[in-house]
Structures are given as structure tokens and as C-alpha cells.
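Observations on the model geometry
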Amino acid sequence: MFGFLKRFFFSLRKKKRPEPSPGETVEELWNADFSKPNRARFDIKSETSYDAYLHHRNLALGLKKTNCLAWVEAPECRYQDQVIKARFRLESGGGYAAAGVLFRMADEGTCYLVLASSKSFFRLDVVRNTIPFPLIGWTEIPAPPPEAGASFPQTAFPAGALELTVIAFGRRLILLFNGLWAAEISDTSISSGSAGFAAASYETGGTEAPASGYAVRAVLESFSVDSRISPVQELYDYWKEAAVPAESRFRLAETFAAMGEPGPALIQLKKSWEGRPAGPAGPGRSGRELLLAARLALRLELYGEAEEYAAACRGQGWENPEGKAALTEGAKILYAAEKFSELRQYAEEALGVEDADPVLHTLLGHACWTLGEHDRAAAAYDRAFELDGENGLLAKNAANVYEMSGRRDEALKRYLEAGRIFLNQENYPDLGLLTPKLLSLGADNWEARALAGKWAYGIEDWAMAEAEFLRAEELRRAQKPRPAIDPAVSFLRGLLLIRAGKRSEALPLLEEAARFAPDFGLFQLRLAENRYLLSADPKDPRLSMDLEAALRLMPDDGWVHNFAAQIDLARGDLDRAAEHLERAAVALGEIPAIRVNRGVLCYLRGSLEEALHILEAGGNGDAEGLLANCAGNLLVRAGDYERAEEYYRKALNGSPDHLEYLVNRASCLIQMEYYGQADELLAQAHSQAPSPKILELISYVAAKKGEFARAESASLAALEMDGKHVPSLLSLGWLYCSAGRWDEAAGLIRRLEALAPAGDAAGGLRDLQKRLEEGTTRLIGCAVCERNWRVPRNPPPSPAIRLYAMPPDDFPAGICAGCGSAYCIGCAKEHLDENGRFLCPQCGKPLKLMDEGLKKIVADWAASTLPETAD
């Protein structure tokens, strides 16, 4: 709520104020006249968010929207000591709203502000330099006694009017509602200033709309200021000594206590007891009051007083809730006062009454530990943890005692229990304090190592996390019988590999996590995401299965639906993608990640400019550059690289070190053939997070710049990180082909064939295979028909051929020594000399197998037709 008010004051309109003489204040009795604007003294003006106007001799302030605060000021006069009386009503249509008074308004951002809400609570703030500081937090407005005929219901702002009285006398401030005392406080922040009327709208309410048509309308029926010193002092003196209902002071004390102000809270409690008739058991103080007083005195380190209040509360009966709470409070007081012997005796007696209180057992453990009774301390801590199994500190207390007593196994067991609780609560500071104990006592315990790794991952110490997870897995595998896999460890190890650019190696670990925790949706989601980023195949049946599992396990999770929309966009199912985006927006709102997919949806529906309009963010709506990066991606898909590069630069302005943005801009610059700039961006990205993808791009740029040795080194480094990285295998294969290193290229092709890549990578493999074939073989064709033969470019000499039969017609007959044309047997057999030798159909010269490649084809066939020899 305080932050809400702060935002309001930053947005308040500014207007020129009359300049009074320095320190000049007015003493007068002024009753506002709302018959005409020039008689009202209020600066009645409307703004875009509200209207201010006179209506039926009242001043109305209508707010047009929620989360809005507005005021009208009477700037002509400044007052110091004053009594303000304002009668107003609130028309909120069942919503949450408030109205009230500003006073001692020294300048545009400095004043006191009292608000009464539609929920029958009030608050008082001092505003300094537009920043509100609560003096009295939301407190229930006092109700008149039933016999007096209450005109102010306690469940909502009344349909009738509420009368607020503010008495400001020096530093003392007193608030009355409908003539009943509500609060008093001292504050010296502001000595004088003008007055005004304010209204605030927080939330709408159901389907009921205010009759006025505004989100909320506050109507000021009357307003007066009496700044004459004598009447102000008389009224202040009256209320200073007036008998105030004890319940009103108790409510104010509770508010001060909740605000962390034990001193003022205890003062109000003590004032509520003054003049109260005593009962049979002593002064008429309720258990609630005594318990609160004990807690306040404890916070003020008034231990004797605190003990007195706690004892009086217990004296009213241990069977009631306050009495039971006072049992615990008494132990806390003795602990704070360091009376450990008394605390031990007190706690033991109290546990005889209330054994199920973990705090009493804990304090007993503290007392026994301090007194050197370690076994009793351990038993007390264990009992406390048994009663409150979600409190890791209790398990840690027991572990400390066991460790000091030399009981290492029991200590490690409790440290592990405490650590798991801290981890589940994401309490990394306490888990961090525990980690050295885990590594000391559990150096050879796989669970301790795993827990230390999870802590390291939580604080983003990636190197330690990886080392601890590996050690934990080694210890787990060595243990007999082998414990079950911890799927969280598998999952986090997979995420670490992804951070290192090793998505392929991460995949089996993510699959393992999902297999051993099939009902945990996050594992299914991250597995699906990794599959998609690896294969870029939205129709992968395994991806579909993982995504369906995530949707089943987390049906209302916005991130799951956003990813599902992304997959549907890739599949071309635009209507289904739109449905998922709507569900994602319901859960998350129109956050940038959802707007990104909305932009892609518009682009795929044929409107690039509409997509860019969605992705354009005003102000700081895209502080991290996500929307600008998406706009760049869409423009790249549209082939508009120059505009795309502008958006990528905009994205990097918001996040200069963002890895994806660096790589995207570099890729765009590569398309524009700006290799030097691209190289610099890739070097920056590589220094942050080396990955095969970045190294493959570096290799490409280096090759384009003619730096072939650096290109090869980059591709080899990528393959050291991920030996199955298909783009790097392809890039290195092309480098080898360009350098004529055919054997090495052939080896890479065999590796690629074993991986059986799909999609664009499969096409790349076919292109590389064709280039290798072209680089290592020649094509010789028959001059007559379409038959041809692929032969090595530099084949070794073939042995002499001895034929026992005529080869088939599609085999080569030879090459003409005259014209150089080649012929197949089928075309040449019609042209034979008298000795049955083939002749050239064109020039009649003999055909000969002069080419070693053709000769090898025939020789291989001849070898296969040799007659079998008997053994």
C-alpha cells in the first residue's frame, strides 16, 4: 500500500501556487461555500484522470480509473494550528476506495494526508518530497455504541456521510470520526500549509457500477477550518483529557505494533488502562491486551515489565489462546534476559501444560545447551523439529549439538534434513551457512554432495555446482546397493550442460529427470524445449509427447502455454497458437515473452507491419530488449537486414551483454557481408559463454575473411565441446574440401551419416557429399547414349585385363584415340573391325581403354567372372 501511495504522489499534477509571505499563516474561521466556484476557495479544475466540479452545493471529485489518487486544494491560506472538519461521502460501486483531507500542505509534494476507506479503515501519512511515510497504518474506524444508534456501518463506507475532524496543535495531531476519538500522534515534519480534499481508487468491485459513471466519486458536503488559537487549544485540551474508549486505543496500539513502533503502542495500551475499574483478579486488563503488552515490553527490552504482563495473562487461564501464547512469551522473555537456569525450569513446567509447542522445546534446548547439558539440548531440539518439520533451523540446532558431542552420523542426518528444507524454501543464505558442514561431515556422502551442488546452482556458482554433482554421481554409483537417481540432480546437470552450449549431451540427462519424476511438469517442459532447440523440428513425436505431458501436469501455467504457442506457430497451426497465447496472457499478463509470440503470429498471418506495431514498446516497456530482438528476427525472415540490424542494436542497448542478441546481430551482419563487425560481436559472445554455435559462426566469418587456419581451429574447438554438433561438422567438411583434404572430408561425412541429420542439415550433408564426389571423381559419358561412369580423378594403374566373356552393354567400350569420344559397349558393338575390335562410330579409329578409371571398371567386372578353380 505504501508503494501505491508513493506512485500516486509522483504522478500528482503540478500547478502554480500563490506565494504567501515567508512564514505567514492565517487565523480565521472559514466555512467553505460550494454555491459558486469563485466562493469555494478550492482550485476546482479537471485533469485527464479525474473531474472536479460543484454539484448541488457540494464539491465532487470523480476518478475515471482505478489505481488513481487526486485532490483539490484550497491554496489561498496557510494554517498552522487548526481544526478541520470535513463531511463527505463515497460512491465506489462496491469497489475499494478512500477519501479524506490534506492539511499543512507546504508545497506540491509535502503535506499530511488522512484517508478513510470504503472498508471502514483510516490511515495517516506524512508526505515529504512526494514520498509518503505512514504515521498510522490502516486502522479500523471506531464505531458508536449500539445504543447511540450507529450511523457508520463497520463493513463498508456508509451510504450516508462521514465526518472527519483533524486537530493539529503544534506537533500533536488528533483524529476524530463522527465525533469519536480515533487516533493521536506527535510529529514535527510540517508546521504549516494549506488544506485540501482527496480521493483514491484502488480496486473495482464486482459488477456494480457507481451511478455517477466514475470509478469512484467522493462528494465533500461541508468543509471548515478554524485556525484561531483559542478554539483550537480548547478543543485539543478537551480531547487530551477526554475519556477515550479502551477499544479505540487498543486498535491504535495494534497498528503501531504492526508498524514496528513498540514504544507508541505500549503508551496507548497503558493509557487505555488508566481509570479502568479493577476486577477480582486485579486491574481490568484483558488477555489480548496483556499479551500484546508483554510482546511490546520484550521488544523494548523491558524484561521485568514484560514478565509481569505475561504472568498476568497466564493468570487469567492457560486454557484460552492468550494464556497458551503467554506460556511461550514467558520463555522468550527469560531467554532474552539470559536467565537460562530459570528458563530451563520454566520451560519444563510449561511443557507439562503444553507439550506440543515447538518454540518451548526450542527454548528449552537453548537453555540446556548454554548450561552444558548437550544430550538434553539435543532431545529438546529433536522434539521441536518433530513438531515443526518444516522449520530447518530446528533441525540445524539439533545437528549443531550432535556435532559438538562427536555424534557425526546423527549430525549429518540432521544437517541433511535442514538443508532439504532450506532448499525447498529457496532459503539460500541459511543453506549456504550449512554447506561447509555438509562437505565436512559428508565428504563421502552422495546426498550431501548433491545438496551442496544444488546450493551452488541456486547462487549461480556453476563451476562448483558441476563439480559437486559429478562427485555426488560417482559416490552414488559406488554405493552398494546403489540408491535411486535424484531426478533434480539429473535435471540441473542437464541445465549446466545447456549453459555450456552442450545441448546434445544435456538431452539424456533431461530425459532421465523426466523419466524418474514423470509427474513433475517443469522437467517435461524443459525437456520439450531442449528437444525443439536441438532439432528445430516442431513435428518431432517425442517433442509432442513431452509438451502434452507438461500441459497435462501444468494446465494453468502461462509459460507452458506460451511455449505451446511457439510450437504451434512453427507447425503453422495459427488458430491453436492464438488459443495458447490467450491462456498464457490470462496467467502472466501481456508480458514481453507473450507479445513476442503475438508478433510472430501476426507475421505468419501476413502482416509484418502489424507485428512490428505489437512489438514496439513505449517508455521502458522493453527494458531487456526482448521485443526489439523479436522484431529483428522477423525482419531477417523477411529479408530486410538493414532494418533488422537497427532493431538488434536497440535490443543490445537495453542488454549490452545479452548472448542471444549478440549472436543475432552478428548473424544479420554476416548476411550484410559486414564480416569485421560480426567478428567483433562473436568474439564478445564467445568470451561470455563459449558454445559450438558461436564457434561455428566464428569459423564461417574467418573463412569468409580468408583466415582458413582460424576457421579450422574454431570448428575443431566446437567439436571438442560437442562432437555431434552437425553445423560444425558441415563447416569443417567444407573447409577440408576447399583445401583438397578429401580423406579428412570423407571421414567427417561418415560421422555425419551416422548421425542421420534431418531438415536443413540433411540437405547440407547431401551438398557436402556431392562436393566430395565432384572433388574426387570424374564423370565420363557415352558420346551416343546417356550412359556415364563415375571414375576416380587420379586412380592408380590397373593390371592387365584378360576377358573370358563380353561385358554387359552398359560397360565402357573405350575412348577413341583420334577424337577422344567415349562409348559404351551397347553403342560401339555395331562398329567392329575384322578382328572384332571396337571402332569409333565417328572417325573409325580403334577404341581403347586408355583411362585408368574406365579400365578399373572393366577389370573389376572381369575379376568377378574368372572361372572357379578346383581345390
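Values in this document were obtained by computation on a predicted structure and should not be read as measured data.

**Focus on the overall build of the chain**
Across its full length, the chain holds 35 helices and 19 strands. In terms of C-alpha radius of gyration, the chain reaches 42 Å, well past the compact-globule figure of 29 Å for 871 residues. Each principal axis of the C-alpha atoms in the chain carries an extent, and together these give about 145 × 80 × 45 Å. Counting over 871 residues, the chain shows a buried share of 49%. In the chain, 58% of the contacts between residues at least 6 apart in sequence involve partners at least 24 apart.

**Describing the pattern of salt bridges**
Oppositely charged side chains can pair when the atoms bearing their charge come close. Within this structure, the stated rule accounts for 60 salt bridges. Among the ionic pairs, Arg 531 bridges to Asp 546, the shortest N-O distance being 2.5 Å. A residue pair is termed long-range when its members are at least 10 positions apart, and Arg 531 in helix α19 (residues 521-535) and Asp 546 in helix α20 (residues 541-553) qualify at 15 residues. In this pair, the class of Arg 531 matches that of Asp 546, namely buried. Between Arg 665 and Glu 645 there is a salt bridge whose closest N-O contact spans 2.5 Å. Placement of the pair is Arg 665 in helix α27 (residues 659-671) and Glu 645 in helix α26 (residues 641-654), with a sequence separation of 20 residues.

**A word on unusual backbone geometry**
Following Lys 480, the chain continues to Pro 481 via a peptide bond in cis, the omega torsion being -10 degrees. Here Pro 481 is to be found in the loop between α16 (462-478) and α17 (487-499). A positive phi angle is found at Arg 57, which is not glycine, with a value near 60 degrees. With respect to the helices and strands, Arg 57 occurs in the loop between β2 (50-55) and β3 (58-63). Looking at Arg 57, the relative accessible area reads 61%, which means it is exposed. Phi at Glu 301 is positive, roughly 60 degrees, even though this residue is not glycine.

**Examining the sheet that holds strand β6 (residues 96-107)**
Here we have 6 strands laid out as an open sheet, ordered β4-β13-β6-β7-β8-β9, and antiparallel in their pairing. The sheet is open, and its two edges are formed by β4 (68-79) and β9 (131-140), each paired on a single side. Sheet twist, expressed as the mean angle between neighbouring strand axes with direction ignored, is 15 degrees. Here β6 runs beside strand β7 (residues 110-117); their pairing, made up of 7 bridges, is antiparallel. Each residue of the ladder has a partner; that of Leu 102, found in β7, is Leu 113.

**A short note on helix α33 (residues 760-776)**
Every α-helix carries 3.6 residues per turn, so stepping three or four residues along brings you back to the same face. Between its first and last C-alpha, α33 extends 25 Å over 17 residues, near the 24 Å set by a 1.5 Å rise per residue. Those residues of α33 that sit buried are Ala 762, Gly 763, Gly 764, Leu 765, Leu 768, Leu 772 and Gly 775. Lining the buried residues of α33 we find α31 (726-738), α32 (742-755) and β15 (777-781).

**Quick word on the nonpolar core**
Within the largest apolar cluster, 87 residues are counted, with the highest numbers of intra-cluster contacts made by Phe 42, Phe 103, Leu 124, Phe 177, Phe 197, Leu 220 and Phe 223. In terms of residue count, helix α6 (residues 287-299) provides more of this core than any other element does, 8 residues in total. Judged by nonpolar contacts, the second largest core, of 63 residues, contains Leu 360, Tyr 402, Ala 456 and Ala 517.

**Re the sheet that holds strand β18 (residues 822-824)**
Taken together, 3 strands build an open sheet; the order of strands is β18-β17-β19 and the sheet is antiparallel. Every interior strand has two partners, whereas the edge strands, β18 and β19 (847-848), have only one. Direction of pairing for strand β17 (residues 812-816) relative to β19: antiparallel, over a ladder of 2 bridges. Bridge pairing in β19 links Ile 815 to Lys 848.

**Description of the confidence of the model for the chain**
Taken residue by residue, the chain gives an average pLDDT of 89. The fraction at 70 or more is 93%. Here residues 4-17 is a poorly scored stretch, pLDDT under 50, and it has 44 contacts once near neighbours within four places are set aside; other chains count. Counting contacts from residues 148-156, a segment whose pLDDT is below 50, to residues more than four positions away or on other chains yields 22 contacts.

**Concerning the side chain of Glu 512**
Relative to the elements of secondary structure, Glu 512 occurs in helix α18 (residues 503-516). The buried charged residue Glu 512 lacks any salt bridge, with Arg 515 as its nearest oppositely charged partner at 4.4 Å. For Glu 512, the contacting residues outside a window of four places in its chain are Ile 485 and Ser 490.

**Structural notes on the packing of aromatic side chains**
For the structure shown, the criterion picks out 19 aromatic pairs. What links up through ring pairs into an aromatic cluster is the set Trp 30, Phe 34, Phe 42 and Phe 223. The ring of Tyr 96 carries Lys 119 above its face, with NZ or CZ at 4.1 Å from the centroid. Lying over the aromatic face of Trp 273, Arg 285 brings its terminal NZ or CZ to 5.0 Å of the ring centre.

**What to know about the pairing of β3**
Counting buried positions along β3 yields 6 of 6 residues, so the element is predominantly enclosed. The alternating pattern of β3 places Asn 58, Ala 60 and Gly 62 on one face and Leu 59, Leu 61 and Leu 63 on the opposite face, and all of these are buried. Sheet topology places β2 next to β3; 6 bridges connect them, and they run antiparallel. The residue bridging Tyr 53 from the neighbouring strand is Ala 60, located in β3. Taken together, β2 and the strand that follows it, β3, pair antiparallel across an intervening segment of 2 residues, in which His 56 is found at a positive phi of about 55 degrees. When β3 meets strand β14 (residues 216-226), the two strands line up antiparallel, connected through 5 bridges. Considered in β14, the bridge of Leu 61 is made with Ala 218.

**Here's the deal with the packing of α26 against α27**
Where α26 meets α27, the closest approach of the two axes is 9 Å, and the angle between their N-to-C directions is 160 degrees. When the axis of α26 is compared with that of α27, the two are roughly antiparallel. When you trace α26 past α27, the crossing you get is left-handed. Contacts between α26 and α27 pair Tyr 641, Ala 644, Glu 645, Tyr 648, Arg 649, Ala 651 and Leu 652 from the former with Tyr 661, Leu 662, Asn 664, Arg 665, Cys 668, Leu 669 and Gln 671 from the latter.

**Side note on the packing of α17 against α19**
In a packed pair of helices, the relevant descriptors are the angle between the two axes and the axis-to-axis distance. Contact pair α17 / α19: the axes reach a minimum separation of 12 Å and the direction vectors enclose 30 degrees. In terms of orientation, α17 lies roughly parallel with respect to α19. Relative to α19, α17 is oriented so that their crossing is left-handed. Every residue of α19 that contacts α17 at Pro 487, Ala 488, Phe 491 and Ile 498 is listed here: Leu 522, Phe 523, Arg 526 and Asn 530. Residues that form the contact of α17 with α19 fall into these classes: 6 nonpolar, 1 polar and 1 charged.

**Describing the environment of Leu 748**
Structurally, the position occupied by Leu 748 is in helix α32. Filtering out sequence-adjacent residues up to four positions away, Leu 748 remains in contact with Leu 729, Leu 732, Gly 733 and Tyr 736.

**Quick look at the environment of Trp 446**
Along the chain, Trp 446 falls in helix α15 (residues 446-458). The class for Trp 446 is buried, based on a relative accessible area of 12%. C-alpha separation for the pair Trp 446 and Trp 71, spaced 375 residues apart in sequence, amounts to 64 Å. Dropping the residues within four chain positions of it, Trp 446 is found in contact with Ala 472, Leu 475, Arg 476, Gln 479, Pro 483, Ala 484 and Asp 486.

Cut-offs used in this document
- Residues numbered from 1 in each chain as written.
- Predicted model: local features only at pLDDT ≥ 70, side-chain atom pairs only at ≥ 80, totals over all residues.
- Heavy atoms only, no water.
- Helix = DSSP H or I, 4+ residues; strand = E, 2+ residues; numbered from the N terminus.
- Rg over C-alpha atoms; globule rule 2.2 N^0.38 Å.
- Buried < 20%, exposed > 50% of the residue type's maximum accessible area, 1.4 Å probe, protein only.
- Contact = heavy atoms within 4.5 Å.
- Salt bridge = Lys/Arg side-chain N within 4 Å of Asp/Glu carboxyl O.
- Pairing = 2+ DSSP bridges.
- Axes fitted to C-alpha atoms, helices over the stretch in contact; angles between N-to-C directions.
- Expected span 1.5 Å × (residues − 1).
- Core = buried A, V, L, I, M, F, W, Y, C linked by side-chain atoms within 4.5 Å.
- pLDDT = per-residue confidence, 0-100.
- Lys, Arg positive; Asp, Glu negative; His and termini not counted.
- Phe/Tyr/Trp six-rings, centres within 6.5 Å; stacked < 30°, edge-to-face > 60°.
- Lys NZ or Arg CZ within 6 Å of the ring centre and 35° of its normal.
- Parallel < 35°, antiparallel > 145°, perpendicular 65-115°, else oblique.
- Left-handed = near helix turned anticlockwise from the far one by under 90°.
- Nonpolar A, V, L, I, M, F, W, Y, C, P; charged D, E, K, R; others polar.

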